[in-house]
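These are the residues of each chain, in order.
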Amino acid sequence: MNTLHRRAALSRPARAVLVTALAALITACGGGGGGSSGGSVTPPATSCTATARKQWTLDVMREWYLYPELLPATVNLDLYAGPQELIDALTATARAQGKDRYFSYLTSIVEENAYYASGSTAGFGIRLRYDTVNRKLFVMESFEGAPALNAGIDRGDEIVSIGTSAADDRLVSDLYASGGSAAVADALGPSTAGVSRYLEVSRNAVTRGVTLTKTDYSLTPVSSRYGARIIDDGGRRVGYLNLRTFISTADARLREEFLKFRNAGISEFIIDLRYNGGGLVSIGQLMGDLLGGNRSSGQIFSQITYRPEKSSNNSTK
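From a predicted model like this one, the values you see are computed outputs, not experimental measurements.

### Some thoughts on the nonpolar core
Phase 1 of the analysis: Counting 19 residues, the largest nonpolar core has Leu 137, Ile 159 and Ile 162 as the members making the most contacts within it.
Phase 2 of the analysis: Of all the secondary structure elements, the ones that give two or more residues to this core are strand S3 (126-131), strand S4 (136-142), strand S5 (158-163), helix H7 (172-187), strand S7 (196-203) and strand S8 (206-213).
Phase 3 of the analysis: Counting residues per element, this core draws most heavily on H7, which supplies five residues.
Phase 4 of the analysis: Leave out the neighbours within four places in its chain, and Ile 162 touches Leu 137, Asp 168, Asp 169, Arg 170, Val 172, Leu 175, Val 184, Ala 187, Leu 188, Arg 197, Tyr 198 and Leu 199.
Phase 5 of the analysis: Counting 17 residues, the second largest nonpolar core, distinct from the first, contains Phe 246, Leu 280, Leu 286 and Leu 291.

Spelled out as structure tokens, the structure:
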């Protein structure tokens, strides 16, 4: 059976509490009490000071985080510049154990709504792999309609150096040596439209220089180049589908591609979710519906599980 298991950690896939709550805190900074129904938290009626924001962030984490046993027992708020730096410190152990794969982060309601509606974001339009052992940086995927692919940068390319211009670019290996993967990420600049970087990109031992400018673009959830196809495996026909992210615009594409599979008589599938960062539970449920032929109502498709103290929010479908 095709199943989708979800844990209501502080994550994008689960529309988690802390993401929504912090967005409300940053945009509103004040209001009612501190209760929650599991989907959002109202910021406390307090002044919007740096200390108040950090304290509220810590309180929400202690109440809602899926792995409370991995949070530090004591926290000195003065050590952290803001809520996101505090979140990074609080989740460090869970991240190191692979339980929180950077699913706890600071955002805004505007950014979240834009992402879920169309995958709208600002950047070069590439997904990167940080090879910390060999101190290299590779392009895992390049998105249609975004600056990198328009400049000929695609999967498998290696980014050799990064700079604001050709005059000040630094080797990626040197950036790793100076500050690890964080230094490499910082060199690429913030996710803000208009930010430009000079990159030296290598493919098949040929290196070229490219200047890219980050722009706002919409992520195509199913690639028009390789996202869906029918594979002929020695006469056995298999449907292949790669879903990049569970966002609203995936709905129509999934229905379209599965109708093609159905009309072609396909009954076996490869569903490729590599690098998928999650998204809307409703799109996950749609995927289950499209794959769930001949399944009975008594079979479990998905489970959302909170920490024990919040188990009243659990659901099974």
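From this point, the discussion proceeds with the structure in view.
### Some points on unusual backbone geometry
Phase 1 of the analysis: Phi is positive for Ala 205, which is not a glycine, with a value near 70°.
Phase 2 of the analysis: Tracing the chain through its elements places Ala 205 in the loop between S7 and S8.
Phase 3 of the analysis: Despite not being glycine, Tyr 275 shows a phi value in the positive range, around 70°.
Phase 4 of the analysis: Topologically, Tyr 275 is positioned in the loop between strand S12 (269-272) and helix H9 (281-291).

### Notes on the environment of Arg 208
Phase 1 of the analysis: Position of Arg 208 relative to the elements: it lies in strand S8.
Phase 2 of the analysis: Arg 208 sits in the partly exposed class, given a relative accessible area of 37%.
Phase 3 of the analysis: Each C-alpha atom, one on Arg 208 and one on Val 160, is 9.6 Å from the other, the two residues being 48 residues apart in sequence.
Phase 4 of the analysis: Excluding anything up to four places from it in sequence, Arg 208 contacts Ala 151, Gly 152, Ile 153, Leu 199, Glu 200 and Val 201.
Phase 5 of the analysis: Here the side chain of Arg 208 touches Ala 151 through a polar contact of 2.9 Å, landing on its backbone oxygen.
Phase 6 of the analysis: Polar side-chain contacts of Arg 208 include one of 3.3 Å to the backbone oxygen of Gly 152.

### Regarding the side chain of Lys 310
Phase 1 of the analysis: Its location among the elements puts Lys 310 in the loop between strand S13 (302-305) and strand S14 (315-316).
Phase 2 of the analysis: Excluding residues that lie within four positions of it along the chain, Lys 310 makes contacts with Glu 63 and Trp 64.

### Observations concerning the sheet that holds S12
Phase 1 of the analysis: Ordered by their spatial adjacency, three strands build an open sheet running S10-S11-S12, and the pairing between neighbours is mixed. If you trace the sheet from one side to the other, it starts and ends with strand S10 (228-233) and S12, each paired once. Taken pair by pair, the neighbouring strands of this sheet meet at an average axis angle of 25°, ignoring direction.
Phase 2 of the analysis: As paired strands, strand S11 (residues 236-242) and S12 are joined by four bridges and run parallel to one another. When the sheet's bridge partners are listed, Asn 242 is paired in S12 with Asp 272.

### Topic: the pattern of salt bridges
Phase 1 of the analysis: Tallied over the full model, the rule gives 16 salt bridges.
Phase 2 of the analysis: Arg 225 is paired through a salt bridge with Asp 154; the nearest N and O atoms lie 2.7 Å apart. With a gap of 71 residues between them, Arg 225 in the loop between strand S9 (215-218) and S10 and Asp 154 in the loop between helix H6 (147-150) and S5 connect regions that are remote in the sequence.
Phase 3 of the analysis: For Arg 225, a relative accessible area of 35% gives the class partly exposed.
Phase 4 of the analysis: The salt bridge partner of Glu 256 is Arg 253, with a shortest N-O separation of 3.9 Å. A residue pair is termed a helical-turn pair when its members lie 3 or 4 positions apart in one helix, as Glu 256 and Arg 253 do in helix H8 (residues 250-263) at three residues.
Phase 5 of the analysis: The class of Glu 256 is partly exposed, set by a relative accessible area of 39%.
Phase 6 of the analysis: Within the structure, one salt-bridge network assembled from shared partners comprises Arg 127, Glu 141, Glu 144, Asp 154, Arg 225 and Arg 244.

### Quick notes on helix H3 (residues 83-90)
Given 3.6 residues per helical turn, the α-helix brings residues three or four places apart onto the same face.
Phase 1 of the analysis: When we look at burial in H3, the residues that qualify are Pro 83, Gln 84, Leu 86, Ile 87 and Leu 90. Angular distribution of buried residues about the axis of H3 spans 160°; they occupy a single face of the element.

### Digging into the environment of Pro 221
Phase 1 of the analysis: Mapped onto the secondary structure, Pro 221 falls in the loop between S9 and S10.
Phase 2 of the analysis: Sequence spacing of Pro 221 and Ser 248 is 27 residues, and the spatial spacing of their C-alpha atoms is 9.0 Å.
Phase 3 of the analysis: Among residues more than four places away in sequence, those in contact with Pro 221 are Asn 242, Leu 243, Arg 244, Thr 245, Ile 247, Thr 249 and Ala 250.

Calculation criteria
- Residues numbered from 1 in each chain as written.
- Predicted model: local features only at pLDDT ≥ 70, side-chain atom pairs only at ≥ 80, totals over all residues.
- Heavy atoms only, no water.
- Core = buried A, V, L, I, M, F, W, Y, C linked by side-chain atoms within 4.5 Å.
- Buried < 20%, exposed > 50% of the residue type's maximum accessible area, 1.4 Å probe, protein only.
- Helix = DSSP H or I, 4+ residues; strand = E, 2+ residues; numbered from the N terminus.
- Contact = heavy atoms within 4.5 Å.
- Polar contact = N/O pair within 3.5 Å; in protein donor to acceptor, adjacent residues only side chain to side chain.
- Pairing = 2+ DSSP bridges.
- Axes fitted to C-alpha atoms, helices over the stretch in contact; angles between N-to-C directions.
- Salt bridge = Lys/Arg side-chain N within 4 Å of Asp/Glu carboxyl O.
- Arc of directions from axis to C-beta.

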